[in-house]
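Topology and contacts: notes
The residues making up each chain are set out below.
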Amino acid sequence: MDQQQRAEEVMGTVISVAVRGTCPDDALDEVFAWFRWVDEVFSPYRADSAISRLGRGDLALIECPVEVADVLATCEDVRRASDGFFDVTADPRWPLDPCGYVKGWSAEVASRRLAAMGAPHHAISAGGDVRVRTPVGAPPWSVGVAHPFLGGELTASVTVGDGAVATSGTYERGCHVVDPHTGAAALDLAAVTIVGPDLGLADAFATAALAMGPCLAPAWIESLANYEGFIVDAGGGAWWSPGFAANATGLPTRAA
């Protein structure tokens, strides 16, 4: 099957899009223009972004693009659902940092747009967070889960037809997730992978579970409707929910 593919560095990471079969003219141009717009609006690393200006008090929420209010409302929903372990105000470096949701959300929106433009068979990887779609009758995608200790290796693969795979961990960006309740870096888990229907929520859930640590994360993941999880702790031990194992291969007894 014919496949078109493009990768660009956007939002501080590499985003790649692969489209199998039909890909309308300019579809990939529109998708990457969307990612660049998201970076301009939501990046806490950019002093002139709407989210930075809002956090400093230089801009009112009503003056921001409507997507900002929508994103922050969903982040607040996840904060409540996670007992405060997902919190856009937790990182002391920035007043507002919704990156734990925005990267996945932006790829989720891009996937919907690609499908609406007539490209229903595709995979979008935003820094390792992946959204795939597969038409009826076509083979599903195999999504690799990066090994948190061995660069370039996989610790498992999961088969997904229409859905999302998000991973939050310390292996790529270091100790970037903070436990909002203590202010300390979340170090007890090396990586959390969440599989489910929506990449924005999967991304946020993975971030929250990483902050929770090994005592709380497994039970919380199992409480999530329509989402499954895979955890590797800092010592190399592995845990996964039954639904995750049903579609995964190569699961380790230990990852280190």
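Because the structure is predicted, anything quoted here is derived from the model rather than measured.

Before going further, it helps to examine the pattern of salt bridges. Counted under the stated rule, the structure contains 13 salt bridges. A salt bridge links arginine 131 to aspartate 162; its shortest N-O distance comes to 2.7 Å. Of this pair, arginine 131 sits in strand β4 (residues 129-133) while aspartate 162 sits in the loop between β6 (154-160) and β7 (163-169); the two residues are 31 residues apart in sequence, bridging distant segments of the chain. A relative accessible area of 4% places arginine 131 in the buried class. Salt bridges here are not isolated pairs; linked through shared partners, they connect Arg6, Glu8, Asp29 and Arg36.

On average, residues of the chain score 94 in pLDDT, and 96% of them are at 70 or above. By mean pLDDT, the top-scoring element of the chain is helix α3 (residues 66-81) (98), and the lowest-scoring one is helix α5 (residues 170-173) (60).

So, about the environment of leucine 96. Considering the arrangement of structural elements, one finds leucine 96 in the loop between α3 and α4 (99-116). Separated by 45 residues in the primary sequence, leucine 96 and tryptophan 141 place their C-alpha atoms 35 Å from one another. Beyond its immediate stretch of four places on either side in the chain, leucine 96 contacts Pro44, Ile51, Leu54, Gly55, Val88 and Thr89.

Attention now moves to the packing of helix α1 (residues 27-42) against α3. Running from amino to carboxyl end, α1 crosses α3 at an angle of 75°, the nearest separation of the two axes being 11 Å. Taken together, the axes of α1 and α3 lie roughly perpendicular to each other. Where α1 approaches α3, its residues Trp37, Val41 and Phe42 are matched on the opposing element by Glu67, Val68 and Val71. Here the contact of α1 with α3 is composed, by residue class, of 5 nonpolar, no polar and 1 charged.

Read from one edge of the open sheet, 3 strands run β5-β6-β11, paired in antiparallel fashion. A strand with exactly one partner marks an edge of an open sheet, and here the two such strands are β5 (141-146) and β11 (248-249). Summarising the sheet, β5 and β6 pair through 6 bridges and their orientation is antiparallel. By the bridge assignment for β6, alanine 146 is matched with leucine 154.

Criteria and cut-off values
- The written sequence of each chain sets the order in which its residues are numbered from 1.
- With the structure being a predicted model, the display of local features is reserved for residues of pLDDT at least 70 and the display and counting of side-chain atom pairs for 80 or more, all residues being used for whole-chain, interface and lining totals.
- Water and hydrogen atoms play no part in the side-chain values, which are based on all heavy atoms of the structure.
- The working definition used for a salt bridge is a side-chain nitrogen of Lys or Arg within 4 Å of a carboxyl oxygen of Asp or Glu.
- The helix and strand labels rest on DSSP assignments: H or I over at least four residues marks a helix, E over at least two residues marks a strand, and numbering proceeds from the N terminus.
- Partly exposed describes any residue whose relative accessible area lies between the buried limit of under 20% and the exposed limit of over 50%, with all areas from a 1.4 Å probe on protein chains only and scaled to the type maximum.
- The predictor attaches a confidence to each residue, and that confidence, scored 0 to 100, is pLDDT.
- By definition in these notes, contact holds between two residues if any of their heavy atoms fall within 4.5 Å.
- To obtain an axis, a line is fitted to C-alpha atoms, over the contacting stretch when the element is a helix, and the angle between two such axes runs from 0 to 180 degrees between their N-to-C directions.
- Orientation categories follow fixed angle ranges, with anything under 35 degrees roughly parallel, anything over 145 roughly antiparallel, 65 to 115 roughly perpendicular, and all other angles oblique.
- Gly is put with the polar residues, along with every residue not named as nonpolar or charged; the nonpolar set is Ala, Val, Leu, Ile, Met, Phe, Trp, Tyr, Cys and Pro, and the charged set is Asp, Glu, Lys and Arg.
- By this definition, two strands are paired if DSSP reports at least two bridges between them.

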